[in-house]
Amino acid sequence: MIRAGGWLLAVAALTLPFWLQSPYHVHVAIMAGIFGVLAMSLNLLLGYTGQLSLGHAAFFGIGAYASALLTLKLEWSFWPALAVAVALAGIAGFFIGRLALKLRGAYFVLVTISFAGVISLISVNWIELTNGPLGLPGVPAPELGPWSLRTKTAYYYLVLAAVALSYLVCRRLVRSRIGRALVALRENEALAESIGVDVTHYLVLAAVVSAAMAGLGGSLYAHYTRFVSPEVFLFTYTVTMVIMVVAGGKGTLAGPLVGAVLFTALPEALRAAASWQWQMLAYGVVLVLLVFLLPRGIVPRLGETLAGRHSAAAVAPAARH
Amino acid sequence: MLAVDELAVRFGGVTALERVSFQVRPGSITSVIGPNGAGKTTAFNAITGYLRPTGGRVTYDGTSLTGLRPSAIARRGVVRTFQKTSVFPVLTVVDNVLTGLHLRGTAGFFAVLAGRRRLVAEERSLAAEASAIVDFVGLTHRRFEAAGALPYGEQRLVELAVALAARPRVLLLDEPGAGMTGSERIVVSGLIRRIREQGVTVLLVEHDMRMVMGISDTVIVLSGGRVIAEGAPAAIQAHPEVIRAYLGASAGSA
């Protein structure tokens, strides 16, 4: 049943632009996709290794700036710029991973926050390169062979492909011995080491993949909004990612995606429904309710409900003995 | 052979281990006993890399383990369990063991990303191995239950299963019988014997004298951070210094 649901979702995602009424709705779908990539990226660290990165916007911003600068200043085309943006974010993840390795928990959080602060300051102050607070306008739209992905519908499919790729990467990692090693570190580090899990190796690996994925989101964002400024490093982006992961269900594959769709669509829906004072209030109320009612997130709860029905059916015949 | 040579551990001014030397004969069951605070768990921590010794060294088959990280020591076949129950609480019993099979898997990052077909076969054989180990420790009926929700004695069996999954050549068990009922202890003693029969050397710390004397080939007695006696169980039971260490000086002089 879950598999059928997955296919249904895939078909819905593929045909979505044809159902949506206006370019505005497609825009919301694109943003949900980009945040989906970011939330999945954060989830690799937060959900699977248990380390909270509160500087995740830094990797997002590095991807955005790298991609924008390469296409604007060196006139690279989109695809190699995207690849280099992902690689650079991954390299930054490597250093943060190494640096933060001795520092777990609260210290890791602080290191990541500081890192984002430093990168943000560079983007504001290295004016020759980044144009400072004015930002970089005119980031070109991607091209795919003879086609320009300038239209929202075309861009939607690009983002959808990135979401699918990121999901596949997460899924393969999580369902392998690598994913088990990450969960082992999260659940009981001393025990994980005693069975031969190399802490350094796996935490750095998770940080690199997570950062690279955030860089992918950043590049997609830059070429979509066609404009990059130091705003990409705003703490709000990181907080939004955390909310998406926690509300959707950290440590689950689908959770971050559910969270991304919900928390991209919700503010937009509220914007249509209420004046801005009420928007934030309603957003807050929804968030508090989610935390109270579904502390482990939407997806784990949904899974339990489905599994509950299954196991009830499985237990019934056994109870006859 | 696992050899501990002049191992010393000091915490500030407190000496936990003072030049402790002993050897664990391959294929034997060797027990380390001693009153509380004698340094038994400290010795375990120093041997398995959880604690850096202030002096001395530990070698296994001639290669030095001193200064290596726990995961590197595990890779060389020296695997331990913990005195306090230590499982992956949210994972099921079988997933605990599957996680324990980490070193048995070969899949690297790129192979995993590429989704190589051979990995499917590997996962299948690991799953089979995991359920065989779960059967071995007698937790078949619990295999899909979260390890953290099991009764204490069964959690200790999960712990043993996870350690076995790492394919140890030397298995260090830190009080495997602690907190168990008498019948559970008999089961654990049986398991330890069977583990040894499979060619695994067992070194254990244990307080339960009946268990120690029943299964050990050699008993090492620690007291005050030093080895005060070493020998066969019968000899140890009659050893005057051991009696004094356990019963106190007054009993010895009486």
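Everything below is about the structure shown above.
Below you will find a few notes about this structure.

What counts, and at which threshold
Residues numbered from 1 in each chain as written. Chains lettered and ligands numbered in written order. Predicted model: local features only at pLDDT ≥ 70, side-chain atom pairs only at ≥ 80, totals over all residues. Helix = DSSP H or I, 4+ residues; strand = E, 2+ residues; numbered from the N terminus. Rg over C-alpha atoms; globule rule 2.2 N^0.38 Å. Buried ≥ 20, exposed ≤ 12 C-beta atoms within 10 Å, placed from the backbone. Contact = placed C-beta atoms within 7 Å. Pairing = 2+ DSSP bridges. Axes fitted to C-alpha atoms, helices over the stretch in contact; angles between N-to-C directions. Expected span 1.5 Å × (residues − 1). Parallel < 35°, antiparallel > 145°, perpendicular 65-115°, else oblique. Left-handed = near helix turned anticlockwise from the far one by under 90°. Nonpolar A, V, L, I, M, F, W, Y, C, P; charged D, E, K, R; others polar. Core = buried A, V, L, I, M, F, W, Y, C linked by C-beta atoms within 7 Å. Bend = angle between axes of the 7 residues up to and from the residue. Right-handed = clockwise from strand over helix to strand, strands pointing away.

Some thoughts on the overall build of chain B
Part 1: In terms of regular secondary structure, chain B is built from 11 helices and 10 strands.
Part 2: Computed over C-alpha atoms, the radius of gyration of chain B comes to 19 Å, within 12% of the 18 Å expected from 2.2 N^0.38 for 254 residues, which places it in the range of a compact globule.
Part 3: If you line up chain B on its principal axes, its C-alpha atoms span 70 × 40 × 30 Å.
Part 4: Burial status across chain B gives 43% buried among its 254 residues.
Part 5: Taking the contacts inside chain B whose residues are at least 6 apart along the sequence as the reference set, 66% of them involve residues at least 24 apart.

Some points on the overall build of chain A
Part 1: Within chain A, the secondary structure is distributed over 14 helices and 4 strands.
Part 2: If one aligns the C-alpha atoms of chain A with their principal axes, the spans along those axes are about 75 × 50 × 45 Å.
Part 3: The buried share of chain A, taken over its 321 residues, is 46%.
Part 4: Within chain A, contacts between residues separated by at least 24 positions form 75% of all contacts whose residues are at least 6 apart in sequence.

Some remarks on the pairing of strand β7 (residues 170–174) of chain B
All names here are of chain B.
Part 1: Most of β7 sits inside the fold, with 5 of its 5 residues counted as buried.
Part 2: The alternating pattern of β7 places V170, L172 and D174 and L171 and L173 on opposite faces, both of which are buried.
Part 3: Sheet topology note: the strand β6 (residues 78–80)/β7 ladder contains 3 bridges and is parallel. Of the residues in β7, the one forming a bridge with V79 is L171.
Part 4: Two strands pair when backbone bridges link them, and β7 and strand β8 (residues 201–205) are joined in this way by 5 bridges, in the parallel orientation. Pairing of V170 across the sheet is with T201, part of β8.

Quick word on the sheet that holds β7(B)
Strand pairs in the sheet, formed through backbone hydrogen bonds, run parallel or antiparallel to each other.
All names here are of chain B.
Part 1: The 6 strands are arranged β6-β7-β8-β3-β9-β10 in an open sheet whose pairing can be described as mixed. Among the strands making up the open sheet, the edge pair consists of β6 and β10 (226–231). In this sheet, adjacent strand axes meet at a mean angle of 20 degrees when their direction is disregarded.
Part 2: As defined by bridge partners, strand β3 (residues 29–33) adjoins strand β9 (residues 218–223) across 4 bridges and the pair is classed as parallel.

Quick word on the sheet that holds strand β5 (residues 63–64) of chain B
Residues and elements named next belong to chain B.
Part 1: Spatially, the 4 strands line up as an open sheet ordered β2-β1-β4-β5, and their pairing is antiparallel. Two strands bound the open sheet, and with one partner strand each, they are β2 (14–24) and β5.
Part 2: Both strand β1 (residues 2–11) and β2 contribute to a ladder of 7 bridges, which runs antiparallel. When the bridges of β2 are listed, F11 appears paired with V14.

A look at helix α11 (residues 235–248) of chain A
All names here are of chain A.
Part 1: Spanning 14 residues, α11 covers 20 Å between terminal C-alpha atoms, matching the ideal 20 Å at 1.5 Å per step.
Part 2: By the burial criterion, the buried members of α11 are Y237, T238, T240, M241, V242, M244, V245, V246, A247 and G248.
Part 3: Positive phi appears at G249, one or two residues downstream of α11, with a value of about 125 degrees.

Some details on the packing of helix α3 (residues 93–100) of chain B against helix α5 (residues 117–136) of chain B
Residues and elements named next belong to chain B.
Part 1: It is the contact of α3 with α5, at a shortest axis distance of 9 Å, that shows an interaxial angle of 120 degrees. On the basis of the axis angle, α3 is oblique to α5. In this structure, the crossing between α3 and α5 has a hand that is right-handed. Contacts between α3 and α5 involve V93, V94, V97 and L98 from the former and L126, A127, A130, S131, I133 and V134 from the latter.

Brief notes about the interface of chain A and chain B
Interface extent is often summarised as the accessible area lost during association of the parts.
Part 1: Every contact between the two is made by 21 residues of chain A and, on the other side, 28 residues of chain B.
Part 2: In terms of residues, the side of chain A that touches chain B owes the most to one element, helix α8 (residues 177–187) of chain A, which gives 6 residues.
Part 3: Class assignment for the residues of the side of chain A that touches chain B results in 11 nonpolar, 4 polar and 6 charged.

Considerations on the nonpolar core
Part 1: A:A89, A:A206, B:V97, B:A161 and B:A165 are the most contacted members of the largest nonpolar core, which has 165 residues in total.
Part 2: The greatest single-element share of this core, amounting to 16 residues, is contributed by helix α10 (residues 199–225) of chain A.

Quick look at helix α2 (residues 23–49) of chain A
Residue and element names in this part refer to chain A.
Part 1: Along its 27 residues, α2 runs 38 Å from first to last C-alpha, staying within 8% of the 39 Å computed at 1.5 Å per residue.
Part 2: At N43, α2 shows its largest kink, close to 40 degrees.
Part 3: The buried fraction of α2 amounts to 20 of the 27 residues, a majority that puts the element mostly inside the structure.

Quick word on the environment of A:G138
Residue and element names in this part refer to chain A.
Part 1: Examined against the element boundaries, G138 turns out to sit in the loop between β1 (136–137) and β2 (143–144).
Part 2: According to the C-beta neighbour criterion, G138 is exposed, with 9 such atoms within 10 Å.
Part 3: Put simply, G138 and H223 are 85 residues apart on the chain and 9.1 Å apart in space, counted from C-alpha to C-alpha.
Part 4: Contact partners of G138, with chain neighbours within four places excluded, come to L72 and R226.

Regarding unusual backbone geometry
Residue and element names in this part refer to chain A.
Part 1: Despite not being glycine, N131 has its phi angle at roughly 70 degrees, a positive value.
Part 2: Examined against the element boundaries, N131 turns out to sit in the loop between α6 (127–130) and β1.
Part 3: In this structure, R226 is a non-glycine residue whose phi angle is positive, near 65 degrees.
Part 4: Looking at the element boundaries, R226 is found in the loop between α10 and β4 (227–228).

Focus: the packing of helix α4 (residues 78–100) of chain A against helix α5 (residues 106–125) of chain A
All names here are of chain A.
Part 1: Between α4 and α5, the shortest axis-to-axis distance is 10 Å and the interhelical angle comes to 145 degrees. Regarding α4 and α5, the two cross each other, and that crossing is right-handed. On the side of α4, the interface is formed by I96, L99 and A100, while α5 contributes F108, V111, T112 and F115.
Part 2: Within the contact of α4 with α5, the residues separate by chemical class into 6 nonpolar, 1 polar and no charged.

Things to note about the pairing of β8(B)
All names here are of chain B.
Part 1: Counting buried residues in β8 gives 5 out of 5 residues, a clear majority hidden from the surface.
Part 2: Here β8 shows no split at all, with T201, L203 and V205 on one side and V202 and L204 on the other all buried.
Part 3: Here β3 pairs with β8 via 4 bridges, running parallel. Across the sheet, the residue bridging to S31 is L204, located in β8.
Part 4: In terms of handedness, the path from β7 via helix α7 (residues 182–197) over to β8 forms a crossover that is right-handed.

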